[in-house]
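Descriptive analysis of the structure
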Amino acid sequence: LAKTTQPISMDSYEGQEVNITCSHNNIATNDYITWYQQFPSQGPRFIIQGYKTKVTNEVASLFIPADRKSSTLSLPRVSLSDTAVYYCLVGDQIKAAGNKLTFGGGTRVLVKP
Amino acid sequence: SAVISQKPSRDICQRGTSLTIQCQVDSQVTMMFWYRQQPGQSLTLIATANQGSEATYESGFVIDKFPISRPNLTFSTLTVSNLSPEDSSIYLCSVAFASETQYFGPGTRLLVL
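Residues numbered from 1 in each chain as written. Chains lettered and ligands numbered in written order. Predicted model: local features only at pLDDT ≥ 70, side-chain atom pairs only at ≥ 80, totals over all residues. Heavy atoms only, no water.

Describing the sheet that holds strand β6 (residues 61–64) of chain A
Residue and element names in this part refer to chain A. Spatially, β2-β7-β6-β5 is the arrangement adopted by the 4 strands of the open sheet, whose pairing is antiparallel. Two strands close off the open sheet at either side, each with one partner strand: β2 (18–23) and β5 (53–56). Across the sheet, the axes of successive neighbouring strands diverge by a mean angle of 15 degrees, strand direction being ignored. As judged from the 3 bridges shared by β6 and strand β7 (residues 70–75), these two strands associate in the antiparallel manner. Within β7, the residue paired with Phe63 across the bridge is Thr72. (Pairing = 2+ DSSP bridges. Helix = DSSP H or I, 4+ residues; strand = E, 2+ residues; numbered from the N terminus. Axes fitted to C-alpha atoms, helices over the stretch in contact; angles between N-to-C directions.)

Below, the structure is given as structure tokens:
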């Protein structure tokens, strides 16, 4: 499983865009990139998943360059409720068996008023 | 997605005792997993709960300490045996459908005195 590296913490203000970059130099051909969000006292919540280029949903965008050695989660116009820990994971999500997720340290995002 | 519930949501136990945590899903899922999240830390996979057979444990986790059952496709239990203060953590159940990402339960917060 590819190891991921992301910043330990980031501060932002309400209404700003937050971009979290994750490095995964050893990503394999079959690996997908997945981001989870975790609020205190809750289980992680799936945000977005992608393989290459750009993926967008109602919550966030995920930018993946051509070499796939990094990815950037973009949260548009954050609010106080976006304060959470964000985890970047890399792995083969397609295989039915052995869908193991390896969580790194995560990025603690603090949104200030 | 899936609706996942865990019981109990939290408990305080004496050392030497055991705690059994239940995970219930509202639909049949392919995979069920158990994770541990120690205070202020990231998530660590304990084991994959296999329906009708013995669970598959990750390095550092053994069946005697963390017996797991999965009698059907919607239910699993994790027992944490012979509790010590080092077992104080949040225990999370996650589920996955074939070829999809994982969804996490709310977690069970355990404090061992």
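The structure having been displayed, the exposition proceeds.
A look at the pairing of strand β8 (residues 75–80) of chain B
Residue and element names in this part refer to chain B. In terms of burial, β8 is largely enclosed, as 6 of its 6 residues are buried. Because side chains alternate across β8, one face comprises the buried residues Phe75, Thr77 and Thr79, and the other comprises Ser76, Leu78 and Val80, equally buried. In this sheet, β8 lies alongside strand β7 (residues 68–72) in antiparallel orientation, the contact comprising 3 bridges. Residue pairing across strands places Asn72 opposite Phe75, the latter belonging to β8. Counted along the chain from β7 to the antiparallel partner β8, the turn is 2 residues long. (Buried < 20%, exposed > 50% of the residue type's maximum accessible area, 1.4 Å probe, protein only.)

Comments concerning the packing of aromatic side chains
Summed over all chains, the structure comprises 9 aromatic pairs over all chains. With centroids separated by 5.3 Å and ring planes inclined at 55 degrees, the aromatic side chains of Tyr35 of chain B and Phe104 of chain B adopt a geometry described as tilted. Of this pair, Tyr35 of chain B sits in strand β4 (residues 31–37) while Phe104 of chain B sits in strand β10 (residues 102–104), and the two are 69 residues apart along the sequence. The exposure classification of Tyr35 of chain B matches that of Phe104 of chain B, with both residues buried. An angle of 65 degrees between the planes, with centres 5.5 Å apart, marks the rings of Phe61 of chain B and Phe66 of chain B as edge-to-face. You can call Phe66 of chain B buried: its relative accessible area is 3%. In this structure an aromatic cluster arises from ring pairing among Tyr36, Phe46, Tyr87 and Phe103 of chain A together with Tyr35 and Phe104 of chain B. Sitting above the plane of the Tyr51 of chain A ring, Arg68 of chain A keeps its charged end 3.9 Å from the centroid. (Phe/Tyr/Trp six-rings, centres within 6.5 Å; stacked < 30°, edge-to-face > 60°. Lys NZ or Arg CZ within 6 Å of the ring centre and 35° of its normal.)

So, the state of the cysteines
In the structure shown here, the tally under the stated rule is 2 disulfides over all chains. Through a disulfide, Cys22 of chain A is tied to Cys88 of chain A; the S-S separation comes to 2.2 Å. Measuring handedness by torsion sign, the sulfur bridge of Cys22 of chain A and Cys88 of chain A sits at about -80 degrees and is left-handed. Of this pair, Cys22 of chain A sits in strand β2 while Cys88 of chain A sits in strand β8 (residues 84–91), placing them 66 residues apart in sequence. As far as burial versus exposure is concerned, Cys22 of chain A and Cys88 of chain A are alike and both buried. The side chain of Cys23 of chain B participates in a disulfide bridge whose partner is Cys93 of chain B; the two sulfur atoms lie 1.8 Å from each other. On the sign convention where negative is left-handed, the bridge of Cys23 of chain B and Cys93 of chain B, at about -40 degrees about the S-S bond, is left-handed. Taken together, the residues span a long stretch of sequence, with Cys23 of chain B in strand β3 (residues 19–25) and Cys93 of chain B in strand β9 (residues 89–96) at a distance of 70 residues. For Cys23 of chain B, a relative accessible area of 0% corresponds to the buried category. (Disulfide = S-S within 2.5 Å.)

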